[in-house]
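# Reading the structure
In case you want the letters, here they are:
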Amino acid sequence: MVTKWDSKYETNISEIDSQHKKLFRLINNIETVYDENKEHLSGKSRILLDAVSELEDYTLSHFLIEERVMELNQYPELEAHKKQHDRFTDKILELKNRLTSGNLLTNDAELDQFFGDLLNFLRAWLTNHILKEDMDYKPYIKFNI
């Protein structure tokens, strides 16, 4: 179930919307590799690990930019928003550590479960975060960085 970008996700802040679209693409890339290789995910473990790392790195840079935009526009809920970003970052790091520890990368059944759960988490978090939390700061943004 690839998550499609839709106009309902638009904040009308061009840089933020562009970054959100890329986050959708990165998640969809993980999902495509997962869907096409469900029976032999261990053979794609390097590609999957690289894709998760790319998502993690891009998300960190996105959060910094988004937080800077909120800071420049004196968004009153900035600290609460940052905490949500921190929780997401902590969860991704925890999942990445789980992925790279032990023998998960060599066990197809466990990889299938792991990536199914990961994709469900990513889809739900991204769509809910954009539709609720990011839309809350939208009225406060007068200028972008």
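The structure under discussion appears in the preceding block.
Residues numbered from 1 in each chain as written. Predicted model: local features only at pLDDT ≥ 70, side-chain atom pairs only at ≥ 80, totals over all residues. Heavy atoms only, no water.

### Thoughts on the pattern of salt bridges
For the record, the criterion: What counts as a salt bridge is simple: a side-chain nitrogen of Lys or Arg found within 4 Å of a carboxyl oxygen of Asp or Glu. Secondary structure counts use DSSP, requiring at least four H or I residues in a row for a helix and at least two E residues in a row for a strand, with both numbered from the N terminus.
The final tally for this structure, using the stated rule, is seven salt bridges. Glu 31 serves as the salt-bridge partner of Arg 123, at 3.0 Å between the closest nitrogen and oxygen. Here Arg 123, found in helix H4 (residues 108-137), pairs with Glu 31, found in helix H1 (residues 14-36); they are 92 residues apart in sequence, far enough to count as distant. Notably, a salt bridge pairs Lys 132 with Asp 136, separated by 2.7 Å at the nearest N-O pair. On the criterion of helical spacing, the pair formed by Lys 132 and Asp 136 is a turn pair, its members being four residues apart in helix H4.

### Section: the nonpolar core
Operational definition: Residue types Ala, Val, Leu, Ile, Met, Phe, Trp, Tyr and Cys, when buried and joined through side-chain atoms within 4.5 Å, form a set referred to as a nonpolar core. Buried means the residue's accessible area, taken with a 1.4 Å probe over protein chains only, is under 20% of the maximum for its type, while exposed means over 50%, and partly exposed covers the values in between. A contact between two residues is defined here by any heavy atoms of the two lying within 4.5 Å.
With 31 residues, the main nonpolar core has Ile 30, Leu 55, Leu 99, Phe 114, Phe 115, Leu 118 and Leu 122 as its most contacted residues. Of all the secondary structure elements, the ones that give two or more residues to this core are H1, helix H2 (45-72), helix H3 (78-100) and H4. In terms of residue count, H4 provides more of this core than any other element does, ten residues in total. Setting aside chain neighbours within four positions, we find Ile 30 in contact with Leu 48, Ala 51, Val 52, Leu 55, Phe 115 and Leu 119. If you look at the next biggest cluster of nonpolar residues, it comprises eight residues, including Ile 16, Val 69, Tyr 137 and Ile 141.

### Regarding the packing of aromatic side chains
Quick note on the threshold: By convention, a stacked pair of Phe, Tyr or Trp rings (six-membered ring in the case of Trp) has centres within 6.5 Å and planes under 30 degrees apart, an edge-to-face pair has planes over 60 apart, and any other such pair is tilted.
Counted by the stated rule, this structure contains ten aromatic pairs. Residues Trp 5 and Tyr 9 carry aromatic rings whose centres are separated by 5.6 Å and whose planes lie at 45° to one another, so their mutual orientation is tilted. Residue classification places Trp 5 among the partly exposed residues on the basis of a relative accessible area of 24%. Among the aromatic residues, ring-to-ring pairing joins Phe 63, Phe 88, Phe 121 and Trp 125 into one connected group.

### Observations regarding the packing of H1 against H4
Definition in use: Every axis in this analysis is a line fitted to C-alpha atoms, fitted for helices over the stretch in contact. Angles between the N-to-C directions lie between 0 and 180 degrees. Orientation labels follow simple angle bins: below 35 degrees gives roughly parallel, above 145 gives roughly antiparallel, 65 to 115 gives roughly perpendicular, and whatever is left gives oblique. Take the far helix as the reference: if the near one is turned anticlockwise from it by less than a right angle, the crossing is left-handed, and if turned clockwise, right-handed. Under the grouping applied here, Gly and all other residues not named as nonpolar or charged are polar, the nonpolar ones being Ala, Val, Leu, Ile, Met, Phe, Trp, Tyr, Cys and Pro and the charged ones Asp, Glu, Lys and Arg.
Axis separation between H1 and H4 bottoms out at 10 Å; the angle between their running directions is 165°. With respect to their mutual orientation, H1 and H4 come out roughly antiparallel. At the point where H1 passes H4, the crossing takes the left-handed sense. Across the interface between the two elements, Ile 16, His 20, Leu 23, Phe 24, Ile 27, Ile 30, Glu 31 and Tyr 34 of H1 pack against Asp 112, Phe 115, Gly 116, Leu 119, Leu 122, Arg 123, Leu 126, Thr 127, Ile 130, Asp 134 and Tyr 137 of H4. Along the lines of polarity and charge, the residues of the contact of H1 with H4 split into twelve nonpolar, three polar and four charged.

### Focus: the environment of Asp 112
Here Asp 112 shows up in helix H4. Those residues in contact with Asp 112 that sit more than four places away from it in its chain are Tyr 34, Lys 38 and Leu 41.

### Observations concerning the side chain of His 129
As a reminder of what qualifies: What qualifies as a polar contact is a pair of N or O atoms within 3.5 Å, subject to a donor-acceptor requirement within protein and to the restriction that residues adjacent in sequence count only when both atoms come from side chains.
Following the sequence through the fold, His 129 ends up in helix H4. Among the residues examined, His 129 registers a relative accessible area of 6% and is labelled buried. A distance of 3.4 Å separates a polar atom in the side chain of His 129 from a polar atom in the side chain of Gln 84. Apart from residues no more than four positions distant in its own chain, His 129 is found in contact with Glu 66, His 81, Gln 84, His 85 and Asp 134.

### Observations concerning unusual backbone geometry
Negative phi is the rule for most residues except glycine; trans is the rule for most peptide bonds. Unusually for a residue other than glycine, Asn 12 sits at a positive phi of about 65°. Take Asn 12: it is sitting in the segment before H1. Looking at Asn 12, the relative accessible area reads 57%, which means it is exposed. Positive phi, close to 55°, is recorded for Gln 74, a residue that is not glycine. Looking at the element boundaries, Gln 74 is found in the loop between H2 and H3. Residue classification places Gln 74 among the exposed positions, given a relative accessible area of 67%.

Bear in mind that shape data such as this cannot, by itself, settle questions of function.
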